[in-house]
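# Observations on the three-dimensional arrangement
Here are the chains, one letter per residue:
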Amino acid sequence: MTEELLTYRDAYEHLLDVLDLAGQDSDRLERSLKRAITEAYRKLPELHDWRYFQRVTMVHTSPAYNTGTIEYSSSTNKVTLSGGVWPDDAEFSHLIVDQSTYKVLRRESDTVIELDTNYKPSADIAAGTTYRLGRLRYLLPVDVGDVRAVMNTEQTFQLQRMQTAEIFWHNSAQNLDAFPTGWSMIRSEDYPGRWELWLSTVDSTTRELRVHYDARNISLPVFD
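Residues numbered from 1 in each chain as written. Predicted model: local features only at pLDDT ≥ 70, side-chain atom pairs only at ≥ 80, totals over all residues. Heavy atoms only, no water.

### What to know about the packing of helix H1 (residues 8-18) against helix H2 (residues 27-43)
- Packing of H1 against H2 brings their axes to within 10 Å, and their N-to-C directions diverge by 120°. With respect to H2, the element H1 is oriented oblique. The two elements H1 and H2 meet at a crossing, and its hand is right-handed. Between H1, through Tyr8, Ala11, Tyr12, Leu15 and Leu16, and H2, the contact on the second element is made entirely by Leu29, Glu30, Leu33, Lys34 and Ile37.
- Residues of the contact of H1 with H2, tallied by class, amount to 8 nonpolar, no polar and 2 charged. (Axes fitted to C-alpha atoms, helices over the stretch in contact; angles between N-to-C directions. Helix = DSSP H or I, 4+ residues; strand = E, 2+ residues; numbered from the N terminus. Parallel < 35°, antiparallel > 145°, perpendicular 65-115°, else oblique. Left-handed = near helix turned anticlockwise from the far one by under 90°. Contact = heavy atoms within 4.5 Å. Nonpolar A, V, L, I, M, F, W, Y, C, P; charged D, E, K, R; others polar.)

Here is the structure:
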């Protein structure tokens, strides 16, 4: 059985016929019709709780890492690891040294990471310093509009949604490795237009979280 679809051009030609505008295809008229169709397309998802937009994605958490010791150079803004290998997802992590937290900008190699210039130490850190690398941020799919729920698949436990300010306070006050019980959404600073899932604590182990979300309506391509 075939499914009948209404295309953008179908809607455009339908308006021309219904409003008896054929033969009046001026630039102004074309812009007005395109604007009307685009506005209707934008409002359509808000008229009903469409199941089509209810989707699920999986997030796999990363445990804290503290193998080896580090040295930091303020002149290069880079942290060199001795006796270990930086995790592959280090760019989404925070480096914690003496209860101070710094944001990782990128992973350059197995032993070198660069810190964000807005979240870095003010002075060098001597070689042999102990540290902790913890991941709180998880980049969500590009179509995420809003998250409905975050579930721990092992225990069918639903994490509590928290305000962004609560998440930051929680992270600062409890530098612990434990099962996260809360989450928040925050716009990604590194990937414009994307959302990140922020957890209340660094996980103590690798864990699978099921994220239920509402997909956002994608932009409507139009013909020239």
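### Observations concerning a nonpolar patch on the surface
- A surface patch of nonpolar side chains, amounting to about 480 Å² of accessible area, comprises Leu44, Leu47, Trp50 and Tyr52.
- Mapping Trp50 onto the fold places it in the loop between H2 and strand E1 (54-60).
- Take Trp50: its relative accessible area is 34%, and that puts it in the partly exposed class. (Patch = residues over 30% accessible without salt bridge, like charges linked within 9 Å, V, L, I, M, F, W, Y side chains within 5 Å. Areas by Shrake-Rupley, 256 points an atom, 1.4 Å probe, with all protein chains shown as cover. Salt bridge = Lys/Arg side-chain N within 4 Å of Asp/Glu carboxyl O. Buried < 20%, exposed > 50% of the residue type's maximum accessible area, 1.4 Å probe, protein only.)

### So, the packing of aromatic side chains
- Tallying each qualifying case throughout the model produces 4 aromatic pairs.
- Measuring from centroid to centroid gives 5.5 Å for Trp86 and Tyr131, while their planes differ by 70°, and the two rings are edge-to-face. Residue Trp86 is located in the loop between strand E3 (78-82) and strand E4 (93-97), and its partner Tyr131 is located in the loop between strand E7 (125-129) and strand E8 (132-135); the two are separated by 45 residues in the primary sequence.
- In this structure Trp86 comes out as buried when scored by relative accessible area, which is 1%. (Phe/Tyr/Trp six-rings, centres within 6.5 Å; stacked < 30°, edge-to-face > 60°.)

### Here we look at the pattern of salt bridges
- With the rule as written, the count across this model stands at 16 salt bridges.
- Notably, a salt bridge pairs Arg55 with Asp143, separated by 2.7 Å at the nearest N-O pair. Note that Arg55 is positioned in strand E1 and Asp143 in the loop between strand E9 (137-139) and strand E10 (144-152), a separation of 88 residues in sequence.
- On the basis of relative accessibility, which here comes to 15%, the residue Asp143 falls in the buried class.
- Residue Asp190 pairs with Arg137 through a salt bridge whose shortest N-O separation is 2.7 Å. Of this pair, Asp190 sits in the loop between strand E13 (182-187) and strand E14 (195-199) while Arg137 sits in strand E9; the two residues are 53 residues apart in sequence, bridging distant segments of the chain.
- Residues joined in a network through salt bridges with shared partners are Lys103, Asp116, Arg137, Glu189, Asp190 and Glu196.

### Observations concerning unusual backbone geometry
- In the Ramachandran plot, Asp98 falls in the positive-phi region, its phi being about 50° despite a non-glycine side chain.
- Here Asp98 is to be found in the loop between E4 and strand E5 (100-107).
- Of note in this structure, Gln99 is not a glycine but carries a positive phi near 70°.
- Relative to the helices and strands, Gln99 is located in the loop between E4 and E5.

### A closer look at the sheet that holds strand E2 (residues 69-73)
- Taken in spatial order, the 7 strands of this open sheet run E7-E2-E3-E6-E5-E4-E8, and their pairing is antiparallel. A single partner strand is all that each edge strand has here, and the edge strands are E7 and E8. The sheet shows a mean angle of 35° between the axes of neighbouring strands, taken without regard to direction.
- Relative to E3, E2 is paired through 5 bridges, and the arrangement is antiparallel. If you follow Glu71 over to E3, its bridge partner there is Thr80. (Pairing = 2+ DSSP bridges.)

Shape is all these values report; function is a separate question.
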